[in-house]
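Chain by chain, the residues run as shown.
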Amino acid sequence: MVAVLAAFAPLLALAQQPTPTPTPNPYVQQLPGRVTTDVVVSAPRMDIPLKENPAATTVVQARSLPPCRRPSAPRRRSGSYRASRSTNQADGERVHMSIRGQGILTETGIRGITVLLDGLPLNDPTGVAPDLFDVDWATNQACRGPPRTGVGAVWRRGSGGIVNIETRDGGPGPVGGEVSASAGSNGFWKTLAEVGGTDGNMNYHVSGSRMELDGYRVHTAADATNIYGKFNFDLKGGDRLTAIIAGTEFFNQNAEGLNAEQVYQDNRQPNPDALTYNEYQLTHRTTVGLTGQFGLTTNSYLSFAAYTRFTQWTESVPSSVDHRMYQSPGGNLQYGLKTPSAP
């Protein structure tokens, strides 16, 4: 008996010790059964000179966005990264992008980054920007970080940042245009036609392109059609109005991934499920928008943006065929006041 009590004596002594009380964290509000924290995210709603903008901003001019086989989205700018060909589907025609870790690859597009095209967001109601195949990179004049104007600033919803894409305007003459064509390996070809000019107080630029691709692997064919029109109206007193109409159709087959043994056998073969279930993605989208800015007084102005977008999206996967169809309107109205700088 003495030996048994001696063996359990340390355990009895430990059980009699009081349980230590945890030290409260002074930086966390303690409430019964839960912890709450207020997070406030805001964006400046004013014009800020690029050199005074505290946010990391990079302007990629037109000379860095030449017409090419695959989209020329900036690869590494201000912490941004455009995924390489190996991580893209449709032989690089679909663009994936991340900014400081945000914008993780998803099947439906870029999440966590706000993408603006001429002041209108490409993000859908869930916040996802669908792969940027709405953008015909050959028609762009610049791709930059945070928007220069307040119209774009209020659209900011992405925690990763903003990609602000601006298309070219028409030329100074009444009408002008060009047609280009390119071709490459794996059955790739693309044609692009542009027309633009200035007629009175209206400057316009309209473009249309068609791309087709067989793909490096079996069951990776893709095709795309983009139509984009922008009409700028310079009104009296420096007021301006811009009307935008755009349409896109994008289709790509999905060959799915391969294991090491399949790659060793034939790295161009599709995953068997891809053929069995005819896996693919198909998107139809139409956008109509209007942006503008009007002076109220010498030092104040009113700017606005409004748009509506219709999207029809279909994806075939082994488990089912998903269909999504939705109308997504949006808009903003902003009052701006210019005050003289302090001495």
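Residues numbered from 1 in each chain as written. Predicted model: local features only at pLDDT ≥ 70, side-chain atom pairs only at ≥ 80, totals over all residues. Heavy atoms only, no water.

Peer 1: Account for the pairing of strand β15 (residues 222–234), with residues named and values stated.
Peer 2: Where a strand is regular, its side chains alternate between the two sheet faces. In this sheet, β15 lies alongside strand β14 (residues 202–213) in antiparallel orientation, the contact comprising twelve bridges. For Asn-203, the partnering residue across the bridge sits in β15 and is Asn-232. In this structure, β15 lies alongside strand β16 (residues 240–253), joined through 13 bridges in antiparallel fashion. Residue pairing for β16: Asp-234 is matched across the bridge by Arg-240. The loop that links β15 with its antiparallel partner β16 comprises five residues; one of these, Gly-237, has a positive phi angle of about 70°. (Pairing = 2+ DSSP bridges. Helix = DSSP H or I, 4+ residues; strand = E, 2+ residues; numbered from the N terminus.)

Peer 1: I'd like a rundown of the pattern of salt bridges, residues and numbers included.
Peer 2: Considering all chains together, one arrives at seven salt bridges under this definition. Where Arg-210 meets Glu-212, a salt bridge forms, and the shortest distance between an N and an O atom there is 3.1 Å. Residue class for Arg-210 comes out partly exposed when judged on its relative accessible area of 26%. Classification of Glu-212 as partly exposed rests on a relative accessible area of 30%. Between Glu-249 and Arg-210 there is a salt bridge, and its shortest N-O distance comes to 3.6 Å. (Salt bridge = Lys/Arg side-chain N within 4 Å of Asp/Glu carboxyl O. Buried < 20%, exposed > 50% of the residue type's maximum accessible area, 1.4 Å probe, protein only.)

Peer 1: Mind laying out the sheet that holds strand β17 (residues 280–295), listing which residues take part and the relevant values?
Peer 2: The strand order across the open sheet formed by eight strands is β12-β13-β14-β15-β16-β17-β18-β19, and the pairing between neighbours is antiparallel. Bordering the open sheet on either side are β12 (176–183) and β19 (321–337), each of which pairs with just one other strand. Averaged over all pairs of adjacent strands, the angle between strand axes in this sheet comes to 5°, irrespective of strand direction. Note that β17 and strand β18 (residues 300–316) share 16 bridges and pair antiparallel. Of the residues in β18, the one forming a bridge with Phe-294 is Leu-302. (Axes fitted to C-alpha atoms, helices over the stretch in contact; angles between N-to-C directions.)

Peer 1: Give me the lowdown on the environment of Phe-233, citing residues and values where you can.
Peer 2: Along the chain, Phe-233 turns up in strand β15. As a C-alpha pair, Phe-233 and Asn-203 span 30 residues in sequence and 6.5 Å in three-dimensional space.

Peer 1: Go over the pairing of β16 with me, naming the residues and quoting the values.
Peer 2: Where β16 lies against β17, 14 bridges are found, and the strand directions are antiparallel. The residue of β17 that forms the bridge with Ala-243 is Leu-290.

Peer 1: Break down the side chain of Gln-293 for me, citing the residues and quoting the values.
Peer 2: Along the polypeptide, Gln-293 turns up in strand β17. Gln-293 gets classed as buried once you look at its relative accessible area, which sits at 18%. Dropping the residues within four chain positions of it, Gln-293 is found in contact with Asp-239, Arg-240, Tyr-301, Leu-302 and Ser-303. (Contact = heavy atoms within 4.5 Å.)

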